[in-house]
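Okay, here's what each chain looks like letter by letter:
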Amino acid sequence: STSAHTFVRGICFTRRGDEILSCGDRCVKRWRPLDAFSNEQSIEPLGTWDSTSTAEDGGTLNDVDSAPSDDSRFVTAGAEGMVQLWDASRRSSIVSWRWGYGAVAQ
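Residues numbered from 1 in each chain as written. Predicted model: local features only at pLDDT ≥ 70, side-chain atom pairs only at ≥ 80, totals over all residues. Heavy atoms only, no water.

Concerning the environment of G17
Mapped onto the elements of the fold, G17 is located in the loop between β1 (10-13) and β2 (20-24). Considered as a pair, G17 and R32 are 15 residues apart in the sequence and their alpha carbons are 9.5 Å apart. (Helix = DSSP H or I, 4+ residues; strand = E, 2+ residues; numbered from the N terminus.)

So, the side chain of T14
With respect to the helices and strands, T14 occurs in the loop between β1 and β2. If we ignore the near neighbours within four places in the chain, the residues touching T14 are E19, L21, R30, S66 and D71. (Contact = heavy atoms within 4.5 Å.)

Description of unusual backbone geometry
Backbone geometry at D25 places phi at a positive 55°, although glycine is not the residue there. In this structure, D25 sits in the loop between β2 and β3 (27-31). The phi angle at R26 is positive, at roughly 60°, despite the residue not being glycine. Looking at where R26 falls in the secondary structure, it is placed in the loop between β2 and β3. A relative accessible area of 40% places R26 in the partly exposed class. (Buried < 20%, exposed > 50% of the residue type's maximum accessible area, 1.4 Å probe, protein only.)

Observations concerning the sheet that holds strand β5 (residues 61-66)
Pairing within the open sheet is antiparallel, and its four strands lie in the order β5-β6-β7-β8. Taken across any chain shown, the strands that pair with only one partner, and hence form the sheet edges, are β5 and β8 (95-98). Put simply, the sheet's adjacent strands are angled 20° from each other on average, direction ignored. Alignment of strand β7 (residues 82-87) against β8, held across four bridges, turns out to be antiparallel. Note that in β8 the partner of M82 across the bridge is R98. (Pairing = 2+ DSSP bridges. Axes fitted to C-alpha atoms, helices over the stretch in contact; angles between N-to-C directions.)

Overview of the environment of S3
Topologically, S3 is positioned in the segment before β1. Not counting the four nearest positions on each side in its chain, S3 is found in contact with K29, W31, E44 and P45.

Brief notes about the pattern of salt bridges
By the definition in use, this model includes seven salt bridges. Ionic pairing is found between D18 and R16, a salt bridge with its closest N-O pair at 3.1 Å. Residue classification places D18 among the partly exposed residues on the basis of a relative accessible area of 26%. What makes R16 exposed here is its relative accessible area of 56%. Taking the shortest distance from any N to any O, the salt bridge between R73 and D87 comes out at 3.4 Å. Note that R73 is positioned in strand β6 (residues 73-78) and D87 in strand β7, a separation of 14 residues in sequence. In this structure D87 comes out as buried when scored by relative accessible area, which is 12%. In the salt-bridge network here, residues are joined through shared partners; they are R16, D18, E19, R30, R32 and D71. (Salt bridge = Lys/Arg side-chain N within 4 Å of Asp/Glu carboxyl O.)

This is how it looks when you write it as structure tokens:
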């Protein structure tokens, strides 16, 4: 079975274009969609990053976007104005900013 999200709030291609980042269920997942076509099976995520351990607001994520120059980095926008920069080699965000009040979306 595929370990997808119950509810997807944001999705984007990485800058290289061969992988997808998705956010929902308080986590970000990285996928390689062509694997599903070549294997003719369901695919598992290449990586999962849990926002509940890094955000003061419980980790609710509204959107995700790939960094413009580095596919190993991505940014999330979430509830309570939380914006976070992530590095794929780490399990938690590397920098967090609080952008005023209310939810942030792309």
